[in-house]
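Next come the chains, spelled out residue by residue.
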Amino acid sequence: MAGRLTIALILTLRLATYGQGVSQEWARLLLKSLNKSTTDTERMHIYFMAAQSQISKSGEHKIDLDSAEMYMRKVALLNKTVKSGDADALQILLKSHLARERHQNTKAEAFA
């Protein structure tokens, strides 16, 4: 339980500094670290960071935003098993940021 709270805190702090974004290199290294022994909670954390990395890239390229959405779908699938309320909240926050990047302001406001 303490591990989940730590991850939730880290995610919250990382998302609080959203404007600074996530380093592309760091996100790439996190994705490479995935293996069969990685827990579902750790995978969710990595996918959240990868999604944030794609959303915060400079420019608003469709391929980057689509990649972010793919990572968010992976989180949603994992969260069906983990059942984390924190992950649900972070998904909503990232969906709002993604909609904002796509200039879907009405949709972004609905998530917020």
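See the structure shown above.
Draft legend 1. Quick look at the side chain of Gln91. Along the polypeptide, Gln91 turns up in helix α5 (residues 85-101). Classification of Gln91 by relative accessible area gives buried; the value is 10%. The residues contacting Gln91, other than those within four sequence positions of it, are Phe48, Met72, Val75, Ala76 and Asn79.

Draft legend 2. Examining the packing of helix α3 (residues 40-55) against α5 more closely. Two elements in contact, α3 and α5, have axes whose closest approach is 10 Å; the angle formed by their N-to-C orientations is 15°. The angle between α3 and α5 places the two elements in the roughly parallel class. Where α3 crosses over α5, the two elements pack in a sense that is left-handed. Residues Met44, Phe48, Ala51, Gln52 and Ile55 of α3 form the contact with α5, whose own contacting residues are Ala87, Leu90, Gln91, Leu94, His97, Leu98 and Glu101. Among the residues forming the contact of α3 with α5, the class breakdown is 8 nonpolar, 3 polar and 1 charged.

Draft legend 3. Just the environment of Lys95, in detail. Within the element layout of this structure, Lys95 appears in helix α5. With 44 residues separating them in the primary sequence, Lys95 and Ala51 have C-alpha atoms 9.9 Å apart.

Draft legend 4. Expanded view of the environment of Ala110. Relative to the elements of secondary structure, Ala110 occurs in helix α6 (residues 105-111). For Ala110, a relative accessible area of 66% corresponds to the exposed category. Taking the C-alpha atoms as reference points, Ala110 and Ile92, separated by 18 residues in sequence, lie 9.8 Å from one another.

Cut-offs applied
Residues numbered from 1 in each chain as written. Predicted model: local features only at pLDDT ≥ 70, side-chain atom pairs only at ≥ 80, totals over all residues. Heavy atoms only, no water. Helix = DSSP H or I, 4+ residues; strand = E, 2+ residues; numbered from the N terminus. Buried < 20%, exposed > 50% of the residue type's maximum accessible area, 1.4 Å probe, protein only. Contact = heavy atoms within 4.5 Å. Axes fitted to C-alpha atoms, helices over the stretch in contact; angles between N-to-C directions. Parallel < 35°, antiparallel > 145°, perpendicular 65-115°, else oblique. Left-handed = near helix turned anticlockwise from the far one by under 90°. Nonpolar A, V, L, I, M, F, W, Y, C, P; charged D, E, K, R; others polar.

Interpretation note: all reported values are geometric properties and have no functional meaning in isolation.
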